[in-house]
Amino acid sequence: MDHRYIITGINRLTGLRDQLTGPMDEESARARLQRELDSRKRQRYQPYTRLRVEHYDAVQLTLQFSNDEI
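From a predicted model like this one, the values you see are computed outputs, not experimental measurements.

**A few points about the overall build of the protein**
- When you go through the protein residue by residue, the secondary structure sums to one helix and three strands.
- Its helices and strands in sequence order give the protein the pattern β-β-α-β, from N to C terminus.
- Taking 2.2 N^0.38 as the reference for a compact globule, 70 residues should give roughly 11 Å; the C-alpha atoms of the protein span a radius of gyration of 17 Å, well beyond that estimate.
- Summarising its shape, the C-alpha atoms of the protein cover approximately 60 × 35 × 15 Å along the three principal directions.

Here it is as structure tokens:
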């Protein structure tokens, strides 16, 4: 299985798109999105809007250390 898809949504407070789930395969992501949409219909105040399945591109972080010693 290829875990390359995530569910994202627009945060109402910040206006930024946030990752809501961890990586999963496409079929699982689409099924989870449908369950989320069905359950959120009854919520009065939804913290995230415009949910969608997106391709997950991992970002490798680099740590930079200085060679300055005290």
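**Notes on the sheet that holds strand 3 (residues 48–55)**
- Spatially, the three strands line up as an open sheet ordered 2-1-3, and their pairing is antiparallel. Looking along the sheet, the strands with just one partner apiece sit at the ends: strand 2 (17–19) and strand 3. Taking each pair of neighbouring strands and ignoring which way they run, the sheet shows an average axis angle of 35°.
- Looking at chain direction, strand 1 (residues 5–11) and strand 2 are connected through three bridges and run antiparallel. Of the residues in strand 2, the one forming a bridge with Thr8 is Gln19.
- Sitting on the sheet, helix 1 (residues 26–40) is in contact with strand 1 and strand 3, with an inclination near 175° to strand 3.

**Side note on the confidence of the model for the protein**
- Here the protein shows a mean pLDDT of 89. Residues at 70 or above account for 94%.
- The element-level mean pLDDT for the protein is lowest in helix 1, coming to 93, with strand 1 highest at 95.

**Some details on the side chain of Asp25**
- Mapped onto the elements, Asp25 comes out in the loop between strand 2 and helix 1.
- We note that Asp25 is buried and unpaired, the nearest opposite charge coming from Arg30 at a distance of 9.8 Å.
- Among the polar contacts listed, one links the side chain of Asp25 to the side chain of Ser28, at a separation of 2.8 Å.

**Brief notes about helix 1**
- In a regular helix each residue adds 1.5 Å, so 15 residues correspond to 21 Å; helix 1 covers 21 Å between its end C-alpha atoms and thus fits that length.
- Along helix 1, the positions that sit buried rather than exposed are Ala29, Leu33 and Arg40. Each buried residue of helix 1 sits inside an arc of 40° when the element is viewed along its axis, so together they form one side. Counted as exposed and oriented over 90 degrees from the buried face of helix 1: Glu27 and Arg35.
- Check the buried side of helix 1 and you find it contacts strand 1 and strand 3.

Conventions and cut-offs
- Residues numbered from 1 in each chain as written.
- Predicted model: local features only at pLDDT ≥ 70, side-chain atom pairs only at ≥ 80, totals over all residues.
- Heavy atoms only, no water.
- Helix = DSSP H or I, 4+ residues; strand = E, 2+ residues; numbered from the N terminus.
- Rg over C-alpha atoms; globule rule 2.2 N^0.38 Å.
- Pairing = 2+ DSSP bridges.
- Axes fitted to C-alpha atoms, helices over the stretch in contact; angles between N-to-C directions.
- Contact = heavy atoms within 4.5 Å.
- pLDDT = per-residue confidence, 0-100.
- Buried < 20%, exposed > 50% of the residue type's maximum accessible area, 1.4 Å probe, protein only.
- Lys, Arg positive; Asp, Glu negative; His and termini not counted.
- Salt bridge = Lys/Arg side-chain N within 4 Å of Asp/Glu carboxyl O.
- Polar contact = N/O pair within 3.5 Å; in protein donor to acceptor, adjacent residues only side chain to side chain.
- Expected span 1.5 Å × (residues − 1).
- Arc of directions from axis to C-beta.

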